[in-house]
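Here is how the chains run, residue by residue.
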Amino acid sequence: DDETVSYAESKRGIYKKLVIRDDQLIGGILMGDLTKASELLPAFDRGSLLPEDRAALLFDMGAPVKRYSMLEMPDEAPVCQCNGINKGAIRKCVLAGAKSMSAIMSQTRAATGCGSCKPLVREIGEWANEGYLDE
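Per-chain numbering applies: the sequence of each chain, read as written, is numbered from 1 onward. Local features are withheld for residues below a pLDDT of 70 in this predicted model, meaning they are given only at 70 or higher, and side-chain atom pairs are given and counted only at 80 or more; totals for whole chains, interfaces and linings count all residues. Values reported for side chains reflect all heavy atoms of the structure, with hydrogen atoms and water molecules removed beforehand.

Looking now at helix H3 (residues 87-95). Residues Lys 87, Gly 88, Ile 90, Cys 93 and Val 94 constitute the buried set of H3. The inward-facing, buried residues of H3 abut strand E4 (78-80), strand E5 (85-86), helix H4 (101-108) and helix H5 (118-128). Polar contact is the term for a pair of N or O atoms within 3.5 Å; when the atoms are in protein, one must be able to donate a hydrogen and the other to accept it, and sequence-neighboring residues count only if both atoms are side-chain atoms. Secondary structure is summarised from DSSP: a helix means a run of H or I of at least four residues, a strand means a run of E of at least two, and numbering begins at the N terminus for each. N-cap assignment for H3: the residue whose side-chain oxygen lies 3.1 Å from the backbone N of Gly 88 is Asn 86. Immediately downstream of H3, the backbone of Gly 97 shows phi near 125°, a positive value. Relative accessibility decides the category of a residue: with a 1.4 Å probe and only protein chains considered, values under 20% of the type maximum give buried, values over 50% give exposed, and everything between is partly exposed. Contact criterion: two residues are considered in contact whenever any of their non-hydrogen atoms come within 4.5 Å of each other.

Shown next, in the form of structure tokens:
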């Protein structure tokens, strides 16, 4: 009785498949396009109820994404699902002296897995370092 949502574009090496049960994500594969990974992983981990528009789970449908400020985002909020790194760990790393993305990545392992969290890791790093990170 599981619902599957899938998309394949073999020429570009893109394959996406989600498995949904009772409006909750129970499994998935993203290959070649990881743009939705940072939204899908928390939904999987938390068992969040999914929207009716299943295409929006795999594609940016043009609606603006609700953004939270770094102050609103709790330290416990997951950032790098691949390595289990949260906002607080990145903030502490920067406050302890990591002033570049490479330093944050090597010290926390954030953004060293699939890489879909790299923009958020950078944003947190810049916020924690008062707006600037070395290259």
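So, about the pairing of strand E3 (residues 24-31). For a regular strand, the rule is simple: side chains alternate between the two faces of the sheet. When DSSP finds at least two bridges between two strands, those strands are taken to pair. Relative to E3, strand E2 (residues 14-21) is paired through seven bridges, and the arrangement is antiparallel. In the strand pairing of E3, Lys 17 is matched with Ile 29. Where E2 folds back onto E3 in an antiparallel hairpin, the turn is made up of two residues, including Asp 22, whose phi is positive at roughly 50°.

Ordered in space as E1-E2-E3, the three strands form an open sheet in which the pairing is antiparallel. A single partner strand is all that each edge strand has here, and the edge strands are strand E1 (3-9) and E3. Taking the axes of each pair of neighbouring strands and ignoring which way they run, one obtains an average angle of 5° across the sheet. Sitting on the sheet, helix H1 (residues 37-46) touches E2 and E3, and the angle it makes with E3 is about 150°. Here, axes are lines fitted to C-alpha atoms. For helices the fit covers the stretch in contact, and angles between N-to-C directions go from 0 to 180 degrees.

On to the pattern of salt bridges, then. When a carboxyl oxygen of Asp or Glu is within 4 Å of a side-chain nitrogen of Lys or Arg, the pair counts as a salt bridge. The tally for this structure, following the rule as stated, stands at nine salt bridges. The partner of Arg 54 in a salt bridge is Glu 3, and the shortest N-O contact between them spans 3.0 Å. Here the residue Arg 54 occupies a position in the loop between H1 and helix H2 (55-58), and Glu 3 occupies one in strand E1, the gap between them amounting to 51 residues. Across the salt bridge formed by Asp 33 and Lys 16, the nearest N and O atoms sit 2.9 Å from each other.

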